[in-house]
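These are the residues of each chain, in order.
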Amino acid sequence: MAALALGALAALSGTSAHANPAAADTASQADEIAHTVQDGDTLEGLAKSYLDAPRQWPLLQARNKVANPRRLQPGSIVWIPVRLQPAESATVEFVHGAVTAKARASDAPALVAKGGKLDEGTALQVGPDAFVAVRLADGTVVRVQAQSELQLRQLRRRGRAGSVQSVLEMRSGAVEASVPPSAEAFRRMEIRTPLAVTSVRGTRFSVELAESGQTTASVLNGSVAVQSRRDEGLGGSASSAQPSAAAALLAPGQGLAVATDGTVGMPRPLISAPDTSGIPATLGDASILAINIPPQPGAARYVAQVAQDADFTQVLRHGSFADGQLRWKVLDDGRYYVSVRAVDDAGIVGLPAVQPFTIKTRPVAPLHQLPAPGTVLATGAGELRCTSVPGVRWYRVQVATDAQFTASIKDEQRLSECRLPVADLPAGSYFWRMASLLQMPDGQADQGPFAPPQAFAVADRPATLSAQSLQAQDGDTTVRLNWQGQPGQRFRLQLASASDASFDKITLDTVLDRPEWTASDLPAGEYLVRIQVLDPSGLQSEFSPPRQIRVGSGFSTGSGLPVSTSSGQPVGRP
């Protein structure tokens, strides 16, 4: 079976296990440390250096069957059981989602909490859509990704005040570690998989264990070595002072794969970082967190994370995607960072592209009502109309000649109703969009995101008008709604009366294949409408905040106004 060792090529104990190959076969590198005896060494001195107190030297004598503890043969090996070293613990830096820990195999799983202590032997189980960051005693931060299992196999210190010795057993999933540089020659930090051992010092790297058993490693910072674990059976060590002839050296920005048959692949450059320049600075979709990146040459798939911090120690979303269409459940409004890495044909993750962005979804934007997309309006007439949003104080409606709204020709910022006359617009092509505004306690306005822009046109000749230009006024019985959607998405629309804000008695519940809805047979009155996104990825959004619509009776006064009762409700059809 093969292994890979990552880190500075230095002896972890100041010694080499090569001095006694026969002895090396009898001990595990993870369970014992091989010390090569120097002139003047005694068991009492070794107990002081490696263990908790000099008085523990008889334990070393018993393990190594030493006849004279004060006369050790220079060049011989003294094995130091790691279990005799002072124990350390790890600290939970951040946790998101379902992460459980078992201190012993017989224990029931317990939920992990931020700030909690994890003792040696603890097994972490990280569920789907979960993440945990653990800080070791030497400052190393281990980021355990979703659907991973990791055991803190050893958390020890070399002597009472010496360097930290950490060994982690990775059973599934993916781990990323940041190991701070240190002048301590004897510090040991390993991450083991069934196929590989990673030993590192002062670097940032990632290890992934595929379902097939293949292990891959990629290094962002630091110089590392990769060595077959088969050498250990000949007295070699993944952390010995010199690499074997079969060792491969990885420079920063390189990675490799260890195949299931134990073959260590050749180092290769990491695939370049994806292009994230097109990610908007602010995302306003309240249904699904959707980020799109262009195809990356040579990418077989992508892995991406969303975190609260630029170091990605506080990860809230993680995923592997077949293409650049990244989709997650929506997050609360706030400031975030996204990291995207392409994965090459060998399964090695590439260089990361990190981009900050802001989520601002509240108050939710209204929905477009009229005109329908692409409608041609007659000059001297026409109105832009959108739904109401319960709880909103004002509406902002903009009109521009380009979809980027580089220069607005209309910008009404505090409309009490979501409607804007456009009778004064000359013939031409236009875009319009709108946003909701809440009134803050100090009287200031808190604006939500704009709805995606929608095109319409104004023309002089009635002959150029399409049938879509016939708009439903307040007295009309037809309601039209449309909104923005991603390719392949479907939508569940629910309707309830305006007095039923909790949607206890649903008037209509339908699934739509397109982001639009038309109804012409509803009784006159006011309604609330809400929409759920059904994404082709299998994700389903929560229902959107409700918007308010009004269905007319079809009756109007001579001046074109709807006929209403004394309470303001439209007169219904008989």
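1. Thoughts on the confidence of the model for the chain
Now for step 1: Mean pLDDT over the chain stands at 83; residues scoring 70 or higher make up 83%.
Now for step 2: Predicted confidence is poor over residues 233-245, with pLDDT under 50, and the contacts of this stretch with residues over four places away or in other chains come to 30 contacts.
Now for step 3: Predicted confidence for residues 462-475 stays below pLDDT 50, and this span has 31 contacts to residues more than four positions away or in other chains.

2. Thoughts on the pairing of strand S29 (residues 383-386)
Now for step 1: Judged by which residues are buried, S29 turns out to be covered on both faces: Glu383 and Arg385 on one side and Leu384 and Cys386 on the other are all buried.
Now for step 2: In terms of strand pairing, strand S27 (residues 368-370) meets S29 through two bridges, oriented antiparallel. Bridging across to S29, His368 finds its partner in Cys386.
Now for step 3: With three bridges connecting them, S29 and strand S32 (residues 419-421) associate as antiparallel partners. Residue pairing across strands places Leu384 opposite Leu420, the latter belonging to S32.

3. What about the packing of helix H2 (residues 43-50) against helix H3 (residues 57-64)?
Now for step 1: It is at 8 Å that the axes of H2 and H3 come closest, and there the two elements cross at 110 degrees. Judged on the interaxial angle alone, H3 and H2 are roughly perpendicular. Considering only the axes of H2 and H3, their crossing is right-handed. Counted together, Leu43, Glu44, Leu46 and Ala47 of H2 and Trp57, Leu60 and Gln61 of H3 form the full contact between these two elements.

4. Thoughts on the pattern of salt bridges
Now for step 1: Enumeration according to the criterion identifies 22 salt bridges in this entry.
Now for step 2: The partner of Arg192 in a salt bridge is Glu190, with the nearest N and O atoms 3.0 Å apart.
Now for step 3: One salt-bridge network, held together by shared partners, links Glu383, Arg385, Glu417 and Arg419.

5. As for the environment of Pro294
Now for step 1: Looking at the element boundaries, Pro294 is found in the loop between strand S21 (288-292) and strand S22 (301-307).
Now for step 2: Looking at Pro294, the relative accessible area reads 39%, which means it is partly exposed.
Now for step 3: Considering only alpha carbons, one finds Pro294 and Pro274, 20 residues apart in sequence, at a separation of 7.8 Å.
Now for step 4: Those residues in contact with Pro294, other than ones at most four positions away along the chain, are Asp275 and Tyr302.

6. Structural notes on the side chain of Thr276
Now for step 1: Among the structural elements, Thr276 can be located in the loop between strand S19 (268-269) and strand S20 (282-283).
Now for step 2: For Thr276, the contacting residues outside a window of four places in its chain are Ile293, Val340, Ala353 and Gln355.

7. Things to note about the state of the cysteines
Now for step 1: All told, the structure shown has one disulfide when counted by the stated rule.
Now for step 2: Across the disulfide, Cys386 is cross-linked to Cys418 (sulfur-sulfur distance 1.7 Å). Here the S-S torsion is close to -85 degrees, and the disulfide linking Cys386 with Cys418 is therefore left-handed. Placement of the pair is Cys386 in strand S29 and Cys418 in the loop between strand S31 (408-415) and S32, with a sequence separation of 32 residues.
Now for step 3: Take Cys386: its relative accessible area is 5%, and that puts it in the buried class.

8. As for the sheet that holds strand S26 (residues 349-359)
Strand pairing in a sheet is mediated by backbone hydrogen bonds. Such pairs are either parallel or antiparallel.
Now for step 1: The mixed open sheet is built from five strands, whose spatial order is S20-S26-S25-S22-S23. Both edges of this open sheet fall to S20 and strand S23 (315-321), since each of them pairs with a single strand only.
Now for step 2: Bridge count between strand S25 (residues 334-343) and S26: nine bridges; the pairing is antiparallel. Among the inter-strand pairings, Tyr337 is bridged to a residue of S26, identified as Pro356.

9. Let's talk about the pairing of S22
Now for step 1: With six of seven residues buried, S22 is to be regarded as a mostly interior element.
Now for step 2: Direction of pairing for S22 relative to S25: antiparallel, over a ladder of seven bridges. Residue Val306 lies in a different strand from S25, and its bridge partner there is Val338.
Now for step 3: Pairing between S22 and S23: six bridges, direction antiparallel. In the strand pairing of S23, Val303 is matched with Ser320.

10. Quick word on the environment of Leu43
Now for step 1: In this structure, Leu43 sits in helix H2.
Now for step 2: By relative accessible area, which is 0% here, Leu43 ends up buried.
Now for step 3: Here the alpha-carbon distance between Leu43 and Leu60, two residues 17 residues apart in the chain, equals 6.8 Å.
Now for step 4: Setting aside residues up to four positions removed in sequence, Leu43 forms contacts with Trp57, Leu60, Gln61, Val66, Pro69, Leu72 and Val78.

11. Considering unusual backbone geometry
Trans is the prevailing form of peptide bonds, just as negative phi is the prevailing case for residues other than glycine.
Now for step 1: Geometrically, the link from Arg362 to Pro363 is a cis peptide bond, its omega value of -5 degrees lying close to zero.
Now for step 2: With respect to the helices and strands, the residue Pro363 is situated in the loop between S26 and S27.
Now for step 3: Omega for the bond connecting Leu370 with Pro371 falls within 30 degrees of zero, at 0 degrees, which places this linkage in the cis form.
Now for step 4: Along the polypeptide, Pro371 turns up in the loop between S27 and strand S28 (376-378).
Now for step 5: At Phe312, a residue that is not glycine, the phi angle is positive and equals roughly 55 degrees.
Now for step 6: With respect to the element layout, Phe312 can be found in the loop between S22 and S23.
Now for step 7: In this structure Phe312 comes out as buried when scored by relative accessible area, which is 5%.

Conventions and cut-offs
- Residues numbered from 1 in each chain as written.
- Predicted model: local features only at pLDDT ≥ 70, side-chain atom pairs only at ≥ 80, totals over all residues.
- Heavy atoms only, no water.
- pLDDT = per-residue confidence, 0-100.
- Contact = heavy atoms within 4.5 Å.
- Buried < 20%, exposed > 50% of the residue type's maximum accessible area, 1.4 Å probe, protein only.
- Helix = DSSP H or I, 4+ residues; strand = E, 2+ residues; numbered from the N terminus.
- Pairing = 2+ DSSP bridges.
- Axes fitted to C-alpha atoms, helices over the stretch in contact; angles between N-to-C directions.
- Parallel < 35°, antiparallel > 145°, perpendicular 65-115°, else oblique.
- Left-handed = near helix turned anticlockwise from the far one by under 90°.
- Salt bridge = Lys/Arg side-chain N within 4 Å of Asp/Glu carboxyl O.
- Disulfide = S-S within 2.5 Å.

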